[in-house]
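# Coordinates in review
Chain by chain, the residues:
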Amino acid sequence: MPDPLGTRLRAERDRLDIDQPPLAVITARAAALRRRRGLAQGGVVAAVAAVIAGGVAVMGAGGSGEPPQPPGASNDPAGVWTAENVTVNGLAHLPTDLPGTIRDVEFVDADRGFLLTADCAGSCTNRVYATTDGGRTWSLQAVPAPLGSTDLASVPALVVTGSQVALVSGTTVAVGDPWLVSSTSPATTPLSGAAHLYSTGCGQPLLAVTPTGLITPPQQPSDISVCWTSPVRAGDGSWWVGGSSGGQAALSVSRDDGRNWTTRKFDVPGQARVAMLGTDVYAFLVDPATTPARLLGVASSADGGVTWGPVHPTAGNATIGGEAVPMLDGRLLIVDGVGHWLVSEDRGENWHRLEGLHQTNRLARTQAGYVAYEMSNIYTAFSVDGLTWQKLDAQ
C-alpha cells in the first residue's frame with residue numbers, strides 16, 4: 001500500500017515546481033563542506049585571537065567587522081556575480097574535488113596554469129595538476145620524489161619562471177618539464193627576465209628561480225630586511241622587494257637586474273609590499289604582527305617609484321588578505337581579513353565594500369594575472385585583470 005504521507009509530499013513538491021539539485025551535486029557539496037569544516041574551525045580560533053589582539057574591522061564607509069553574508073545565488077555554481085564592474089563567472093557544476101587542499105595556483109598565460117594540492121595526515125602528499133584551457137580541466141602531473149612527500153612545513157610552492165613552472169621548498173628547486181631537481185649552492189648572476197625572486201624567510205638572503213635552477217642576484221638589497229618579494233617584474237623591467245628598515249616600512253628596487261638596489265623608507269612602523277600596473281606603483285604598508293596583517297596605509301607613485309606621494313593612513317583596524325590588485329580602470333582592489341572585497345577610487349585613501357561577491361580568503365599575484373582563494377570556502381578563481389574572474393574547475 002502506498003505511503004499516504006510520501007505521496008502527499010511528492011504531490012505538494014510537484015505543485016510548487018521546486019527543482020531539486022541532483023543527488024551527485026548534493027553529495028559532492030556535502031563532502032566538500034565536511035572536508036573543510038576542520039579548516040573553518042581553525043579559522044574561527046584565529047579570528048577570535050585577532051579580535052582579542054585589537055579587533056578586525058573593515059575600513060571606510062559602509063564597513064563592519066562582520067563577515068559578509070553569502071550572495072543569494074551562491075547555491076548556483078553556474079551563477080554570475082557582479083558588483084561595480086567586478087564580475088565572477090561560475091561553473092556549470094560544482095568544482096572537481098581534488099585530493100587534499102589547494103595550496104598554490106600559478107598561470108603562465110591566460111590558458112596554461114598549474115595547481116598544487118597537499119593532502120596532510122602526519123606527512124603531506126603533494127600533487128601538481130596542469131591545465132591548458134584556463135582551468136576548465138586539469139590533469140595530474142608527476143612530482144619529483146624529494147618534493148612529492150614532505151612534512152607540513154616543507155610543502156613546496158609553485159613558481160613560474162619564463163614559460164616553465166618550478167617547485168620550490170627552501171633551497172630545493174625542481175624545474176619541469178621534465179623535472180630537474182637542484183639543491184646546490186646557487187651561483188651569483190644578474191637577474192634574467194625569467195627569474196622569480198623569493199627568500200626562505202623574513203630577513204634571509206634574496207634568491208631567484210630561473211629555468212636553469214637557483215641563483216642569487218649580484219648584490220643583496222642593503223639597509224632593508226626583506227620579507228616580501230614581487231612575483232613579477234614591473235613594466236619597466238625593475239625588481240621590487242619589501243620589508244622593514246629600522247622598524248619602518250621600506251621598499252627596495254633594482255633597475256639593473258640586481259646589481260644595485262635603492263631603498264625607500266616610509267615614516268610608518270611595519271612592513272611594505274608593492275602592487276604595480278604600468279608606471280603606477282603602490283606601497284601597501286602593513287603591520288605583520290597581526291594575522292591577517294593590519295593595513296596601515298597606502299602610498300603611491302605615478303612615475304614607476306621614482307617619486308612618491310604622501311602615505312594615506314587607513315582608518316580603523318582594517319586588514320588585508322594577500323596581495324592588492326591595481327585594475328585597468330584606475331581602482332585598487334583588495335580582500336580584507338574577514339573576506340570582504342574592497343575597492344578604492346582615490347589611490348588607497350578611501351575604501352568601500354563591494355556588495356554581493358563571495359567571501360574570499362585572499363588574493364595573490366601570478367605571472368599572468370591574479371588568483372582568488374577559498375571563495376565561499378570552496379572555489380578558486382583566476383583573473384587576468386582583476387575585473388573579470390573565472391572560477392576554476394578544482395577545489
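The structure we're discussing is the one just above.
Because the structure is predicted, anything quoted here is derived from the model rather than measured. (Residues numbered from 1 in each chain as written. Predicted model: local features only at pLDDT ≥ 70, side-chain atom pairs only at ≥ 80, totals over all residues. Heavy atoms only, no water.)

Another aspect to go through is the overall build of the protein. Assigned secondary structure in the protein consists of three helices and 31 strands. Here the analysis covers contacts within the protein between residues at least 6 apart in sequence; of these, 48% occur between residues at least 24 apart. As displayed, the protein has an accessible area near 17900 Å², and 53% of this comes from carbon and sulfur atoms. (Helix = DSSP H or I, 4+ residues; strand = E, 2+ residues; numbered from the N terminus. Contact = heavy atoms within 4.5 Å. Areas by Shrake-Rupley, 256 points an atom, 1.4 Å probe, with all protein chains shown as cover.)

Before going further, it helps to examine the sheet that holds strand S22 (residues 294-301). Across the sheet, four strands lie side by side as S20-S21-S22-S23; this open sheet has antiparallel pairing. The outermost strands of the open sheet, each flanked by one partner alone, are strand S20 (271-277) and strand S23 (312-313). (Pairing = 2+ DSSP bridges.)

Glancing now at the pairing of strand S29 (residues 369-375). Of all seven residues in S29, six are buried; the element is thus mostly enclosed. In terms of strand pairing, strand S28 (residues 362-366) meets S29 through five bridges, oriented antiparallel. Counterpart to Ala364 in the pairing with S29 is Val371. The hairpin formed by S28 and S29 contains two residues between the paired strands. (Buried < 20%, exposed > 50% of the residue type's maximum accessible area, 1.4 Å probe, protein only.)

Let's shift gears to the packing of aromatic side chains. In total, this model carries five aromatic pairs according to the counting rule given. Ring centres of Phe266 and Trp308 lie 5.5 Å apart, and the angle between their planes is 90 degrees; this geometry places the pair in the edge-to-face category. Taken together, the residues span a long stretch of sequence, with Phe266 in strand S19 (residues 262-269) and Trp308 in the loop between S22 and S23 at a distance of 42 residues. The same class applies to Phe266 as to Trp308, namely buried. The rings of Trp240, Phe266 and Trp308 are connected pair by pair, giving a single aromatic cluster. The ring of Tyr373 carries the charged tip of Arg362 above its face, separated from the ring centre by 3.9 Å. Directly above the aromatic system of Tyr379 lies the positively charged group of Lys391, at a separation of 3.6 Å from the ring centroid. (Phe/Tyr/Trp six-rings, centres within 6.5 Å; stacked < 30°, edge-to-face > 60°. Lys NZ or Arg CZ within 6 Å of the ring centre and 35° of its normal.)

Let's shift gears to the state of the cysteines. Put plainly, a disulfide is one covalent bond tying together the sulfur atoms of two cysteines. Taken as a whole and assessed by the stated rule, the structure comprises two disulfides. In this model, Cys120 is linked to Cys124 through a disulfide, with the two sulfur atoms separated by 2.0 Å. In this structure, the disulfide formed by Cys120 and Cys124 twists by about 110 degrees around the S-S bond and is classed as right-handed. With relative accessibility at 34%, the residue Cys120 sits in the partly exposed group. Residue class for Cys124 comes out buried when judged on its relative accessible area of 0%. (Disulfide = S-S within 2.5 Å.)

Moving on, we get to the sheet that holds strand S31 (residues 388-391). In space, the six strands of this open sheet follow the order S1-S2-S31-S30-S29-S28, with mixed pairing throughout. Strand pairing shows two members of the sheet lacking a second neighbour, strand S1 (80-83) and S28, which therefore form its edges. Across the sheet, the mean angle from the axis of one strand to that of its neighbour is 20 degrees, orientation sign disregarded. In the sheet, strand S2 (residues 86-89) pairs with S31 via three bridges, with the strands oriented parallel. Considered in S31, the bridge of Thr87 is made with Thr388. (Axes fitted to C-alpha atoms, helices over the stretch in contact; angles between N-to-C directions.)

Let's shift gears to the nonpolar core. One recurring pattern in soluble globular proteins is that nonpolar side chains are buried together. Residues Val86, Leu333, Trp341, Leu354, Leu357, Leu363 and Trp389 are the most contacted members of the largest nonpolar core, which totals 22 residues. When contributions to this core are tallied by element, the ones reaching two or more residues are S1, S2, strand S25 (332-335), strand S26 (341-344), S29 and strand S30 (379-383). One finds Ala234, Leu251, Val268 and Ala283 within the second-largest nonpolar core, a separate group that totals 18 residues. (Core = buried A, V, L, I, M, F, W, Y, C linked by side-chain atoms within 4.5 Å.)

This brings us to the environment of Gly309. Positionally, Gly309 belongs in the loop between S22 and S23. With 11 residues separating them along the chain, Gly309 and Val298 place their C-alpha atoms 9.5 Å apart. Excluding residues within four positions of it along the chain, Gly309 makes contact with Ala299 and Ser300.

Examined against the element boundaries, Gly213 turns out to sit in strand S15 (residues 213-216). In sequence terms Gly213 and Pro186 are 27 residues apart; their C-alpha atoms lie 7.9 Å from each other. In this structure Gly213 touches Val175 and Ala208, once residues within four positions along its chain are discounted.

Applying the stated criterion across every chain yields a total of seven salt bridges. Asp329 serves as the salt-bridge partner of Arg331, at 2.9 Å between the closest nitrogen and oxygen. Looking at Arg331, the relative accessible area reads 8%, which means it is buried. Several salt bridges converge on common partners, so that one network encompasses Glu84, Asp329 and Arg331. (Salt bridge = Lys/Arg side-chain N within 4 Å of Asp/Glu carboxyl O.)

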